[in-house]
Amino acid sequence: MSRPPTFVPPPCARARVLVTARGPFAVLDAAPPADRPPAGTALLLPGYTGSKEDFVALLEPLTAAGYRVVAVDGRGQYETSGPSVPEAYARVELARDVLAQAEAVGGDGPVHLLGHSLGGQIARAAVLTDPAPFRTLTLMSSGPAEVAPEQRQKIKLLSDALAVMDMEQVWQAMRALEPPEDAGDPRRGEREDLRRRWLLHNPAQLVATGGQLIAEPDRVAELAALEPPLPVHVLSGERDDTWPVPLLDAMAERLGAHRTRIAGAEHSPNTDRPAETAAAIAAFWDRY
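Residues numbered from 1 in each chain as written. Predicted model: local features only at pLDDT ≥ 70, side-chain atom pairs only at ≥ 80, totals over all residues. Heavy atoms only, no water.

Caption draft 1: Expanded view of the pattern of salt bridges. The final tally for this structure, using the stated rule, is 25 salt bridges. With a shortest N-O distance of 2.9 Å, D97 and R22 are connected by a salt bridge. Residue D97 is found in helix α2 (residues 91–105), and its partner R22 is found in the loop between β1 (13–20) and β2 (23–30); the two are separated by 75 residues along the sequence. D97 sits in the buried class, given a relative accessible area of 2%. According to the relative accessible area criterion, R22 is partly exposed, its value standing at 30%. Among the ionic pairs, R261 bridges to D249, the shortest N-O distance being 3.1 Å. Here the residue R261 occupies a position in strand β8 (residues 258–262), and D249 occupies one in helix α10 (residues 245–255), the gap between them amounting to 12 residues. Among the charged side chains, a salt-bridge network with shared partners connects R22, R75, E93, R96 and D97. (Salt bridge = Lys/Arg side-chain N within 4 Å of Asp/Glu carboxyl O. Helix = DSSP H or I, 4+ residues; strand = E, 2+ residues; numbered from the N terminus. Buried < 20%, exposed > 50% of the residue type's maximum accessible area, 1.4 Å probe, protein only.)

Here's what the structure looks like:
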């Protein structure tokens, strides 16, 4: 779970509802300074159990670099409601949501698409469905196929718990399993905003997307075969227990992608090292 430094958006951003052909989505819409035209528009997709707030620390530096940035809660995530049936969260449905979001954000031409973890695999599915709306694709801490064995076990345990417990009960159980240093830190496990986010997630979304993380096929060859090719950026921390860094290195090589490792960061460079992560993202976008 990414732990953003705050759930309060910076002055450059406003919380609003993005109305699309696929329904409404809660977003943080951050604009560059009024005295300069946007260099481009970007759509940011959060990971499993995450939300648009996971990108809060990136918004000011990315808008300062000239980009309009729209971070989205997907269907069933946090402040975007969703159906309580798992089939509503099939990968093809989530991909179609992203295509609708890209159309609705507007902007001048195709958008830069970035997905963190699960969001990266959803972004990849959207691009493979229709690459035309996108200028680039950034896969942040998002691997080629299923997650590592330890993470598969954790996701299965969570899904089993959600079958017999409500969201508050699962939250309390997760808190009890946290390391003592996390459980006692009010900036982390005891923050009410993290609990509120968890409680607003739709459990059907968590079960369905968790199943996808466990069973995701390798679609790297499909992505590499796109014509015309789409510029891809594989970005991660220097350590990652969800997809090992050497696996991400190999994926980048298969894609002929730009590759960035953020020193001092792990699975969530967006919250671990936001300044360095934003600089790397903007530098990649600047090339296109």
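Having seen the model, we can carry on.
Caption draft 2: Region of the structure containing the layout of surface pockets. In this model, the second largest pocket occupies a volume close to 150 Å³. Around the second largest pocket, the lining is made up of 14 residues, and of these L230, P231, V232, L255 and G256 lie nearest the centre. For the lining of the second largest pocket, the class distribution of residues is 11 nonpolar, two polar and one charged. (1 Å grid on protein atoms, 1.4 Å probe; cavity = no way out; pocket = protein on both sides within 12 Å on 5 of 7 lines; lining within 4 Å. Points joined across faces, edges and corners; volume = space filled by probe spheres on them. Nonpolar A, V, L, I, M, F, W, Y, C, P; charged D, E, K, R; others polar.)

Caption draft 3: Representation of the pairing of β1 in the model. As judged from the eight bridges shared by β1 and β2, these two strands associate in the antiparallel manner. Within the sheet, the bridge partner assigned to A13 lies in β2 and is A30. Counting the residues in the hairpin turn of β1 and β2 gives two residues. (Pairing = 2+ DSSP bridges.)

Caption draft 4: Structural detail: helix α8 (residues 203–215). For α8, which comprises 13 residues, the first-to-last C-alpha distance of 18 Å matches the rise-based estimate of 18 Å (1.5 Å per residue) to within 8%. Every buried residue belonging to α8 is among A204, Q205, L206, A208, T209, G210, Q212 and L213, and all of these are buried. Packing partners of the buried residues in α8 comprise α2, α3 (118–129), α4 (149–164), α5 (167–177) and α7 (192–200). The N-cap of α8, judged by a side-chain oxygen 2.9 Å from the amide nitrogen of A204 a few residues on, is N202. (Expected span 1.5 Å × (residues − 1). Contact = heavy atoms within 4.5 Å. Polar contact = N/O pair within 3.5 Å; in protein donor to acceptor, adjacent residues only side chain to side chain.)

Caption draft 5: Structural context of the environment of G210. Along the chain, G210 turns up in helix α8. Here G210 falls in the buried class, since its relative accessible area comes to 0%. It is 23 Å that separates the C-alpha atoms of G210 and A221, two residues lying 11 residues apart in sequence. In contact with G210, not counting residues within four places along its chain, are Y48, I155 and Q205.

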